[in-house]
Amino acid sequence: MVGLKEELLKSIWHAFTALDLDRSGKVLSHNLCTVLNVPHDPVALEEHFRDDDEGPVSNQGYMPYLNKFILEKVQGNFDKVEFNRMCWTLCAKKNLSKSPLLITDEDAFKVWVIFNFLSEDKYPLIIVPEEIEYLLKKITEAMGAGWQQEQFDHYKIALNTSREGLSAWELIDLIGSGQFSKGMDRQTVSMAINEVFNELILDVLKQGYMLKKGHKRKNWMERWFVLKPNIISYYVSEDLKDKKGDIILDGNCCVEALPDKDGKKCLFLIKCLDKTFEISASDKKKKQEWIQAIQSTVNLLRAGSPPPHKEARQKRKELRQKLLAEQEELERQMKELQAANENKQKELETVRKQLEAAAARAAEEEKKRLQTQVELQDRFSLELEREKMVRQKMEEQVAQKSSELEQYLQRVRELEEMYKQLQEALEDEKQARQDEETVRKLQARLLEEETAKRAELEKWHLQQQQTIQMTEAEKQELENQRMMKEQALQVAMQQLKQLELERKEALEQYEEVKKKLETATNNTKSWKDKVAHHEGLIRLIEPGSKNPHLITNWGPAAFTEAELEERQRSWKGKKATSE
C-alpha cells in the first residue's frame, strides 16, 4: 500500500499545485473519493472545508487531510487510468504548452502518466536524464528507428549545466517537438507512445491476435490476447471493448508446444489448475515468443518478483542513489582536504608573522647591543647565538610546513585524478550495459534455435519409439500365431493317435465278426447241403443286410455307411475345436 500511495500522490500533486484550494479543494476531494471508490459523507466534506479557522484544512493544511481521510481508505479496487485522467483534466489546461505539438492530447496524457511512473520520489517532481534516455529509447525502439546516442549526449550536457531534470510539461514539450523522432509521422509516434504506455503503466507484457479453441463447441475463433503479470485476457478485437474471458496465471501454470493437428499449425497449450487452453499462433516465431513470454511470467509469479520494467526501474534508482552517495562522499572528502589546506595556510601565516616579530625583536636587540657594546659584549654574544639557533629552528619549521603543504596538494591532485577515473568508469559501465544488451539478444536468438532443434529431435525420437513399438507388436503377434499352430498340431497328433487306436479296435472287431461270419457261413452251408440233399427242390432265402456292404483296404467294413459319416462328423468337430 505504501507504493500505491506514492504513485497516487504524484498525480494528485499535479492537480493540487494547479488548483486554488480555497475555492477548489472541495471539488478535488470529492472527485478523488469518487474515482478511488472511497466512501465519504457530503456533510462531513462540507464541514472539513468550512470557511472559518476551525476546519482541519484551514489550520493543518490539505496534505494531512488527504492522507487521513482519503489515501488511508484506498483499497486498490479502482481504475488507475480513470484516476490519472481526472488529475490530468484538473492540471493540463493550466500547464500544457500552447505551442503546437506533434502529438495529440491523448498522447500527452500518456506521456504525463509515464512521467509520474519514472520521476523521482521528491517534490517538485522531475525526471532525471537517465530516465529521460530510457523513455526516449523505448519510444524509438517502438517506432522501429535507430537511437541517436550522440544527439542525446549533447542534449544531456546542455541539460546538466542548467538543472537536474525536466518537469512533466517540459518532457511533453520535448517529445512533442519531434527532436528525437525526426522523419516519423504523428501516427507512428502515437502508436509508439501507446505501446510504451501499455507496457509501463498497464503492465501489458505482450499482446496480439491468435486463434483459441472453444471449450464447449470446440471451434476455433480469432481473439485479441493481452498478457499481464498474473492474467491473460482475450477480447473480440484490439479495441478491448468486448471481453470474452480471462486465463488466471499462477505458479502452478505451465505452457508447452503442441504438434500440428486438425489443420491447425503453431499450436501450444496453457495448463491451469481448473482448465486447459489450446491456442494457435500465426507463425512459429509468434508461437515461440508467446511461449517464452508466458513462461517468463509464470517464473516471476513462482519467484514472487515484480514485472520486469518495475524491477528495472528499481535497479536504476538504486544505482543512481549509490552513485550519488559516492559522489557526496567524494565531495565531503574534497571539502575536508580544502579545510585542512586552509588550516595549513593559516598556520604558515602565523609562522611568518612569528618570524617577522622575531626579526623585529632581533633588530631591537641589535640596537641595544650597539648602545651597550662595551658593557654587554659577552652577553650580546650569547644572545646572538641564541637568536641564530631560534632562527635555524624556525627555518626548519617553515621547511617542514612547506613539505606538509606539498604533500596535501599532491593528495588533492590524486583525488582529482580519482574523480576523473570514476567518471571514465561510469562511461565504461554504460558501454558494458549496451554490450550486455547485445549479448542478451544474441543469447535469446540462440535459445530459440536450440529450442527448435530440440523439438525436432524429440519428434524424431517419438517416431523411432512408435516404429519400435509396432515391430514389437508384429513380432508378438507372429509368436502367438506360432504357438497356436503348435497347439493345433499337438491336438491333431492326439486325434491321429486316437484314430489309430479306434482303427485297431475296429480291426479287432472286424476279425471277430469275420470269424463269427465264417462260422455262421459254415453252419448255413452245412444246413443247406443237408436240405438240398433231402429236399432238392426246396431253395431257402439267405439272410442278408438291407444296406450295401462297404469295402475297405483291409476287407469288408465292420460298420455301415451311416456309422462312417457319423465318425467323420465327430472327427471334424474335434479338429475345429482344437484350432
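Residues numbered from 1 in each chain as written. Predicted model: local features only at pLDDT ≥ 70, side-chain atom pairs only at ≥ 80, totals over all residues. Heavy atoms only, no water.

The protein chain has the name Switch-associated protein 70 in an unreviewed UniProt entry, where Nicator chloris is given as its organism. Per its UniProt entry, the protein chain bears the Subunit (unreviewed entry) comment "The SWAP complex consists of NPM1, NCL, PARP1 and SWAP70." (UniProt positions renumbered as here; feature names shortened; annotations may be inferred.)

**Q** Outline unusual backbone geometry, listing residues and values.
**A** With an omega of 0°, the peptide bond between Tyr123 and Pro124 qualifies as cis. On the secondary structure map, Pro124 appears in the loop between helix H7 (105-118) and helix H8 (129-143). In this structure, Lys218 is a non-glycine residue whose phi angle is positive, near 60°. By secondary structure assignment, the location of Lys218 is in the loop between strand E1 (206-213) and strand E2 (220-228). Positive phi, close to 65°, is recorded for Leu240, a residue that is not glycine. Tracing the chain through its elements places Leu240 in the loop between strand E3 (231-235) and strand E4 (243-248). Here Leu240 falls in the partly exposed class, since its relative accessible area comes to 41%. (Helix = DSSP H or I, 4+ residues; strand = E, 2+ residues; numbered from the N terminus. Buried < 20%, exposed > 50% of the residue type's maximum accessible area, 1.4 Å probe, protein only.)

**Q** Explain the pairing of E1 to me, using residue names and the numbers behind them.
**A** Sheet topology places E1 next to E2; eight bridges connect them, and they run antiparallel. Bridge assignment links Lys212 to a residue of E2, and that residue is Met221. In sequence, E1 turns back onto E2 through a hairpin of six residues, with Lys218 there showing a positive phi of about 60°. Direction of pairing for E1 relative to strand E7 (residues 276-280): antiparallel, over a ladder of two bridges. When the sheet's bridge partners are listed, Leu211 is paired in E7 with Ser280. (Pairing = 2+ DSSP bridges.)

**Q** Talk me through empty space enclosed by the protein; I want residue IDs and the actual numbers.
**A** Inspection of the entire model under this criterion finds one cavity of 30 Å³ or more. Taken as a whole, the largest cavity holds about 80 Å³ of empty space. In this structure, the largest cavity is lined by Leu136, Ile139, Thr140, Met143, Leu174, Ile175, Gly178, Gln179, Phe180, Ser181 and Val189. Within the residue set of the lining of the largest cavity, elements represented by two or more residues are H8 and helix H10 (168-176). For the lining of the largest cavity, the element with the most residues is H8, which contributes four residues. Grouping the constituent residues of the lining of the largest cavity by class yields seven nonpolar, four polar and no charged. (1 Å grid on protein atoms, 1.4 Å probe; cavity = no way out; pocket = protein on both sides within 12 Å on 5 of 7 lines; lining within 4 Å. Points joined across faces, edges and corners; volume = space filled by probe spheres on them. Nonpolar A, V, L, I, M, F, W, Y, C, P; charged D, E, K, R; others polar.)

**Q** Which residues make up the packing of aromatic side chains, and what are the values?
**A** The final tally for this structure, using the stated rule, is 14 aromatic pairs. Between Trp147 and Phe180 the ring centres are 6.2 Å apart and the planes differ by 20°, which places this aromatic pair in the stacked class. Of the two residues, Trp147 sits in the loop between H8 and helix H9 (149-160) while Phe180 sits in the loop between H10 and helix H11 (186-200), which places them 33 residues apart along the sequence. The class of Trp147 is partly exposed, set by a relative accessible area of 23%. By relative accessible area, Phe180 is classed as buried at 14%. Ring centres 4.8 Å apart and planes at 70° place the aromatic pair Tyr209 and Trp224 in the edge-to-face group. You can see Tyr209 sitting in strand E1 and its partner Trp224 sitting in strand E2, a full 15 residues away along the chain. Site record: aromatic cluster; members linked through ring pairs are Trp88, Phe109, Trp112 and Trp169. One Lys or Arg, Arg85, reaches over the ring of Phe109 and ends 4.3 Å from the middle of that ring. The ring centre of Tyr134 lies 3.7 Å from the NZ or CZ of Arg316, which sits over that ring. (Phe/Tyr/Trp six-rings, centres within 6.5 Å; stacked < 30°, edge-to-face > 60°. Lys NZ or Arg CZ within 6 Å of the ring centre and 35° of its normal.)

**Q** Can you break down the side chain of Ser119 residue by residue, with the values?
**A** Note on placement: Ser119 falls in the loop between H7 and H8. The buried category is assigned to Ser119, whose relative accessible area is 1%. At 3.3 Å, the side chain of Ser119 and the backbone oxygen of Asn116 are in polar contact. (Polar contact = N/O pair within 3.5 Å; in protein donor to acceptor, adjacent residues only side chain to side chain.)

**Q** Tell me what's going on with a negative patch on the surface, and back it up with residues and numbers.
**A** Together, Glu150, Asp153, Glu417, Glu424, Glu427 and Asp428 make up a region of like negative charge exposed at the surface. Those elements giving two or more residues to the negative patch turn out to be H9 and helix H14 (377-534). The element that contributes the greatest number of residues to the negative patch is H14, accounting for four residues. Positionally, Asp428 belongs in helix H14. (Patch = residues over 30% accessible without salt bridge, like charges linked within 9 Å, V, L, I, M, F, W, Y side chains within 5 Å. Areas by Shrake-Rupley, 256 points an atom, 1.4 Å probe, with all protein chains shown as cover. Salt bridge = Lys/Arg side-chain N within 4 Å of Asp/Glu carboxyl O. Lys, Arg positive; Asp, Glu negative; His and termini not counted. Charge placed at Lys NZ, Arg CZ, Asp CG, Glu CD.)

**Q** How would you explain the nonpolar core if you had to name every residue and give the values?
**A** Membership of the largest hydrophobic core comes to 62 residues, with the highest contact counts inside it found for Leu8, Leu32, Leu36, Phe83, Trp88, Trp112 and Ile172. Trp112 has contacts with Ser11, His14, Asn84, Cys87, Trp88, Cys91, Ala168, Trp169 and Ile172, leaving out every residue within four places of it along the chain. (Core = buried A, V, L, I, M, F, W, Y, C linked by side-chain atoms within 4.5 Å. Contact = heavy atoms within 4.5 Å.)

**Q** Provide a residue-level description of a nonpolar patch on the surface, including the pertinent values.
**A** Where nonpolar side chains cluster on the molecular surface, the patch consists of Leu489, Met493 and Leu496 and spans about 310 Å² of accessible area. Position of Leu496 among the secondary structure elements: in helix H14.

**Q** An account of the pattern of salt bridges is needed here, citing residue identities and associated values.
**A** Per the counting criterion, the structure on display carries 28 salt bridges. Glu106 is the salt-bridge partner of Arg85, the closest N and O atoms lying 3.0 Å from each other. Here Glu106 lies in helix H7 and Arg85 lies in helix H6 (residues 80-95), a separation of 21 residues in the sequence. Each of Lys344, Glu347, Lys401 and Glu404 takes part in salt bridges that share partners, so that together they form one network.

**Q** Can you tell me about the sheet that holds E2, naming the residues and giving the values?
**A** With antiparallel pairing, the seven strands of this open sheet are ordered in space as E4-E3-E2-E1-E7-E6-E5. Of all strands in the sheet, those with a lone pairing partner are E4 and strand E5 (254-258), marking the two edges. Ignoring strand direction, the axes of neighbouring strands in this sheet form an average angle of 35°. (Axes fitted to C-alpha atoms, helices over the stretch in contact; angles between N-to-C directions.)

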